Amino acid sequence: MLRNKSFVKRTRKGNIVRTVKEHYLRDDISCGYESCKHSVCIGARAEAEEQGKTPIGDVHLAAPLSASPRDSVQWGPHYLVPDTNVFVNQIDILERPIINNVVVLSTVLDELRGLSMVVYNRVRAIVRDHERRWFVFSNEHHRETFVDRATDESPNDRNDRAIRVAVQWLSKHLETASIRPVMVTNDEDNLRKAAADGVTACRMEECLGVYTECPELLDMMGSVSITERSGTDPNWEGYAEYLSPVQIQAGVKSGILVQGTLQIAPYNYLEGSIFAAFPDGKERRILVIGRKDMNRAIQGDKVAVQILPRSQWRKAPSAALVDEDEDAVPDVDTKTEAVQTTPSVPDTDKTNEGRARKRARVAGGKLTNSAATVAADEGAEGHEELGEFVKPSDVEDDSLDGEPTGRVVGVIRRNWRSYCAFLDPNFAHKGTKASSAPVSVSVLAMDRRIPKIKIRTRQVDVLSGQRFVVAIDSWPKESRYPHGHFVRALGDAGDKATETEVLLLEHDVPFQPFTKNVRADLPPEGDKWLLDIDRDQVASGKRRDLRHIDVCSIDPPGCTDIDDALHAIRLPNGNFQVGVHIADVTNFVKPNTAMDKEAAHRSTTVYLVDRRIDMLPELLGTNLCSLMSNVDRLAFSCIWELDQDATIVNVTFHKSVIHSKASLTYEEAQTRIDDPSLNDSITNNIRDLNMLAKKLRKRRMDAGALTLSSPEVRFRLENDSQDPVDVEMKALKETNALVEEFMLLANTSVAAKIYEHFPDSAMLRRHPEPPAQNFDNLQHALKPLDIQLETGSSLALAQSLDRAVLASDPYFNNLLRILTTRCMMQAQYFCSGSCTPEEFRHYGLATGIYTHFTSPIRRYADVMVHRLLHASIDRDAVYGSELTDKIKMNEQCDVLNHRHRMAQQASRSSVELYTNLFFKGKTVEETGYVTQILQNGFGVLIPSYGIEGVVYTAARDAASPSVMEYEQEAHALISHDKASEIRLFQRVRVVLQVDDKPVSANVSSMRRKLSLRLVEPVIAGLSIEVGELEALRAAKKARAASADEDSKIVEMVAKHPEKIQTI
Ligand SMILES: [Zn+2]
């Protein structure tokens, strides 16, 4: 039977699109019950088993519904039939393995596909898991359950009815088996109609009540009824109402509002900012300070912001340091918040509130949003004349009014995700013992930029001292904090495995093992794979046989994923042939295979201190693609003829096969260069390469390439426990630079080649020039030292950095380079068609065009570039739209940029985790440098460990005033007696400690923060008292004497972080 059926679909932009498809109704669809005696079901079952598929669609047949499903008092044995919204809102719960025997109606699956691909895919994944016994019942194709849309029926109502009809049919069909299908819905209307139709239905909450052994399921339900203690706070008046989308659009268009993504300062959760485009085409930073003005927006939300009158701009250039978790009293933070903002906004609590009220009126007046004024408790004045406000165009002239400051008037797009969190210890200690009634508690996200989240839980005691995942559901304007729900437990705080999972989750790193589908795309020969000169096109000449050449690789010790190898040959004309050979990953990873999609999704290998999360399965990464010595390996080669001055005479690109003669470490390569008794071919080649690399490097430096710096360390881990036993700075060898130089040359040459062939869709990498303002604070701090950075061009900057030396402090130049690096923009992948050629420039490398070609094992950008290069050099190469579709290429670039940023941060967090483990229970006295001046503290970098922390100059409660005063003119902290000061670049002595209280004791132990205390200069009330310092030193000596000298220090496990380059 043929029917036309219209489908409603929401596009990515939110438009509703309707399509009409031919629709077949059938008589041979199974109900899913494994022992069903109806002849149709027996037949359908037999056929499906044969095909391994459902009669329709692409959902693979899961194990059928069990003959003995969960039994409950009210329903007896039953199957759950959730509606679409239950899947969308409660997927975290439904994913729990305990939820079995679920009927997924095809109506629901179709709706899910339109509403959320994420949820749709999660549901499909469960259906594929045979343990779960989730069954897709094709009610839309079943002659007896398909319903036509009535004339005045909305598509939603039609679908709800289709669900009820399907449940009704199933109940009847399963009557003899005594199994009841139970519709699960939270829609009141649907529940009422179900009751009228005699369909068994219940709310999600009721349904979960059946799982008495799993009380946390109820915790995972949304937070419908969280009680707000702040509701009783007379000073709490709620947040301002948001403007409507139409008002926001109009406001942005007319230039009254600006929009951007809210970024919260990592060191001050009450200081946010957006970068907004202004009418003059420039981007400017607008500060948003305090919870009131952030108005329920959180880190990453796209917001509309109204700029405040100049009188309310922030004058003080630096921010206060705040940790939300330091509140002594949970919940009542009106006071703490006001105190904490004091350094930046010198208003009292009261005037703060008054300011907020006035501002609500400003927005309300102009854009006639009376609701906003109601929220501000001044409804009567709601339609008054517009108060003071500043148009973005008025901000353009630079002035001394301070930094432009604004308030959020609407959220354009939420960026809520799941957060790793822990129970507020202040709450946990009050402990509501052994109560099964849910209580509402605050949890603190590991990400300090995220506000406290209120959840309801029955497991306060269990959660105390644990890490777990929570999700935010809503943030009503009456509530001081957002409401959320518990998702799942991760494990004990402080446990290395738990903390590592936390940092992977927090940085959105996909770290699950590769699926069967992905592994199915590996070469069937496995590690027995061998070169086949026919299959691999060596015989036909398509792939050049370079096995006779003396190629070698140079990498960090322990490197197993070798993506690059090199060679150099002296030519008869006195020039050199130099080859860079890169693992031919795309020979194994074909476009649009499961493995390719997974690699694209992962985008990069992530290096942590103790492990590596691969982009590609190990068989490829560390074996078949890895350019190990003494085996035949496929490569993509870039071969130049360079003259004596290392100038390129010509360059060619070839698919090739190589046979590396040596896999060297940087150190081994260096030893060969330095040892005059060695004169073998490989050693001489390395010497030639080294000579050429130095010339290339000099030329790059002369052109203005920057030598930047970041403090990096590596850990020595104890073999079995993997506990860090020592930390050392990484020393760079000449040979590191050698390899880097040729990789840069290859990347640049390849970039030019692919751009020539794909002017609109080449994947390139650029590094924008930093705006001069980025250097303002640094320049200011350098003035007293009589040093100025020239920021006009990268060459000028490089030269001024070279000149910036202090005879008194050899570390100063390095420190300055570290701070300069922080003023830089981020390098990013982009599609050539989306920028003008002038914008291609790579500022840091001082090249006009650049890309990533040299690390396809661990970066997906390089995989794309290999495909582009292959298509550029081989006329017969077959490729699809993946190489020419500008839009797709741009989307892929966005994913890559995000993943790369996250991977870098994950690596840093991993180092931090190990640093804290290393310092646990230790007290170390070290020299550091002041890198940041803040209102109530200063940042200190400790070069010997590459770590940075903060010395607080004020306790965090208002009772004890700051020991030091911030002085704007000097951008320094001055002691009250004016005798001592702290300024940028100053050398100080500090004591480092990690709190080793029991983890659940307080917030700082839950965070395992490194604390820094000042030793020198001696400042009364701030630095450690002499007596305590002596005691610390004595204790340290005692420990050292008793320490086991023969500790099992073995290996550098920080795989090869040298390779993680930001460039
Ligand atoms: Zn049946």
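Check the entry above for the structure.
Note that residues are indexed from 1 along each chain, following the sequence as it is written. With the structure being a predicted model, the display of local features is reserved for residues of pLDDT at least 70 and the display and counting of side-chain atom pairs for 80 or more, all residues being used for whole-chain, interface and lining totals. With hydrogens and water stripped out, all remaining heavy atoms of the structure feed into the side-chain values.

A. Geometry of the overall build of the chain. Within the chain one finds 29 helices and 41 strands. Counting only contacts in the chain whose residues sit at least 6 apart along the sequence, the fraction spanning at least 24 positions is 69%. Here the chain has roughly 46400 Å² of accessible surface; of this, 50% comes from carbon and sulfur atoms. For helices the rule is a DSSP run of H or I covering at least 4 residues; for strands it is a run of E covering at least 2, with both sets numbered from the N terminus onward. Here, two residues are considered to be in contact whenever any of their heavy atoms come within 4.5 Å of each other. Surface accessibility follows the Shrake-Rupley procedure with a 1.4 Å probe radius. Residue values consider only the protein chains on display as shielding.

B. Main features of the sheet that holds strand S12 (residues 283–289). What makes two strands pair is DSSP finding at least two bridges between them. Sheet architecture is open: three strands sit in the order S10-S11-S12, paired in antiparallel fashion. Looking at which strands have only one partner, the edges of the open sheet turn out to be strand S10 (263–265) and S12. The sheet shows a mean angle of 35° between the axes of neighbouring strands, taken without regard to direction. Summarising the sheet, S10 and strand S11 (residues 268–277) pair through three bridges and their orientation is antiparallel. If you follow isoleucine 264 over to S11, its bridge partner there is glycine 272. Angles run from 0 to 180 degrees between N-to-C directions of axes, and those axes are lines fitted to C-alpha atoms, restricted for helices to the stretch in contact.

C. Examining the sheet that holds strand S38 (residues 981–983) more closely. Spatial ordering of the open sheet is given by S36-S37-S38, a layout of three strands whose pairing is antiparallel. Among the strands making up the open sheet, the edge pair consists of strand S36 (964–967) and S38. Within the sheet, the average angular offset between the axes of one strand and its neighbour, ignoring direction, is 25°.

D. Layout of the nonpolar core. The definition of a nonpolar core used throughout is a set of buried Ala, Val, Leu, Ile, Met, Phe, Trp, Tyr and Cys residues joined through side-chain atoms within 4.5 Å. In this scheme, a residue with accessible area under 20% of its type's maximum is buried, one over 50% is exposed, and one in between is partly exposed, where area comes from a 1.4 Å probe on protein chains only. Val578, Leu738, Phe742, Met763 and Phe853 are the most contacted members of the largest nonpolar core, which has 89 residues in total. Broken down by element, the residue count for this core peaks at nine residues, all from helix H22 (residues 734–757). Dropping the residues within four chain positions of it, phenylalanine 853 is found in contact with Ile582, Phe636, Cys638, Ala746, Asn747, Val750, Arg859, Asp862, Val865, His866 and Leu869.

E. View of the coordination of the zinc ion. For the zinc ion, the full set of protein donor atoms is Cys31 (SG), Cys36 (SG), Cys41 (SG) and His173 (NE2), and the range of their distances to it is 1.9 to 2.3 Å. Donor criterion used throughout: N, O or S atom within 2.8 Å of the metal, extended to 3.2 Å for Na, K and Ca. Water excluded; incomplete-looking sites may result. In these descriptions, tetrahedral denotes four donors with every angle between 85 and 135 degrees, square planar four donors and octahedral six donors with opposite donors over 155 degrees apart and the rest between 65 and 115, and irregular any other case. Taken together, the four donor atoms coordinating the zinc ion and their angles of 105 to 114° define a geometry best described as tetrahedral. If you list the donors of the zinc ion from N- to C-terminus, the spacing comes out as C-x4-C-x4-C-x131-H. Highlighted residues: cysteine 31 in the loop between strand S2 (16–24) and helix H1 (39–51) and histidine 173 in helix H5 (residues 155–173), separated in sequence by 142 residues. The buried category is assigned to cysteine 31, whose relative accessible area is 1%. Given a relative accessible area of 9%, histidine 173 falls into the buried group.

F. Summary view of the state of the cysteines. Disulfide assignment relies on a single distance test, namely cysteine sulfur atoms paired within 2.5 Å. Across all of its chains, the model carries zero disulfides by this definition. In this model cysteine 831 remains outside any disulfide bridge; the closest cysteine sulfur is found in cysteine 893, 6.2 Å from its own. This cysteine, cysteine 835, is not joined by any disulfide, and cysteine 831 carries the nearest cysteine sulfur, 8.6 Å off. On the basis of relative accessible area, cysteine 835 is assigned to the buried category, the value being 15%.

G. Up close: the environment of valine 86. As for its placement among the helices and strands, valine 86 is situated in helix H2 (residues 84–94). Sequence-wise, valine 86 and valine 184 are 98 residues apart; in three dimensions their C-alpha atoms are separated by 7.2 Å. Not counting the four nearest positions on each side in its chain, valine 86 is found in contact with Ile91, Leu94, Val184, Thr185, Asn186 and Met204.

H. Highlighting the packing of aromatic side chains. For this analysis, a ring pair means two rings from Phe, Tyr or Trp (six-membered ring only for Trp) whose centres lie within 6.5 Å, classed as stacked if their planes differ by under 30 degrees, edge-to-face if by over 60, and tilted for the remaining angles. All told, the structure shown has 11 aromatic pairs when counted by the stated rule. On the basis of an interplanar angle of 85° and a centroid distance of 5.6 Å, the ring pair of tyrosine 239 and tryptophan 475 is categorised as edge-to-face. Note that tyrosine 239 is positioned in the loop between helix H8 (216–220) and helix H9 (245–253) and tryptophan 475 in the loop between strand S18 (466–474) and strand S19 (483–492), a separation of 236 residues in sequence. Both residues of the pair, tyrosine 239 and tryptophan 475, belong to the buried class. In this scheme, Lys NZ or Arg CZ marks a charge over a ring once it lies within 6 Å of the ring centre and within 35 degrees of the ring normal. For the cation-ring pair, arginine 602 lies above phenylalanine 514, with the distance from its terminal atom to the ring centre recorded as 3.9 Å.

I. Here's a closer look at the pairing of strand S5 (residues 102–105). Of the two faces of S5, the one lined by Val102 and Val104 and the one lined by Val103 and Leu105 are each fully buried. Looking at chain direction, S5 and strand S6 (residues 134–137) are connected through four bridges and run parallel. Bridge pairing in S6 links valine 103 to phenylalanine 135.

J. The pairing of strand S14 (residues 406–413), seen in detail. Within S14, six of the eight residues are buried, which leaves the element mostly enclosed by the surrounding structure. Pairing of strand S13 (residues 302–307) with S14, which is carried by six bridges, proceeds in the antiparallel orientation. Each residue of the ladder has a partner; that of valine 305, found in S14, is valine 408.

K. Up close: the environment of methionine 446. On the secondary structure map, methionine 446 appears in the loop between strand S16 (439–445) and strand S17 (453–457). Between the C-alpha atom of methionine 446 and that of arginine 467, which follows or precedes it by 21 residues, the distance is 8.9 Å. Not counting chain neighbours up to four residues away, the residues in contact with methionine 446 comprise Cys420, Ala421, Phe422, Arg467, Glu499, Val502, Glu506 and Arg1007.

L. Spotlight on the side chain of aspartate 688. Along the polypeptide, aspartate 688 turns up in helix H21 (residues 681–702). A relative accessible area of 7% means that aspartate 688 is categorised as buried. Those residues in contact with aspartate 688, other than ones at most four positions away along the chain, are Ala568, Arg570 and Phe576.

M. Representation of the pattern of salt bridges in the model. Salt bridge, as applied in this entry: a Lys or Arg side-chain nitrogen positioned within 4 Å of an Asp or Glu carboxyl oxygen. In total, this model carries 47 salt bridges according to the counting rule given. The salt bridge involving arginine 417 is made with glutamate 506; its shortest N-O contact spans 3.4 Å. With arginine 417 in the loop between S14 and strand S15 (418–423) and glutamate 506 in helix H16 (residues 496–506), the pair connects residues that are 89 residues apart, well separated along the chain. Among the residues examined, arginine 417 registers a relative accessible area of 30% and is labelled partly exposed. Here arginine 672 makes a salt bridge to aspartate 680, at a shortest N to O gap of 3.1 Å. Connected through shared salt-bridge partners, Arg417, Asp447, Arg449 and Glu506 make up one network.

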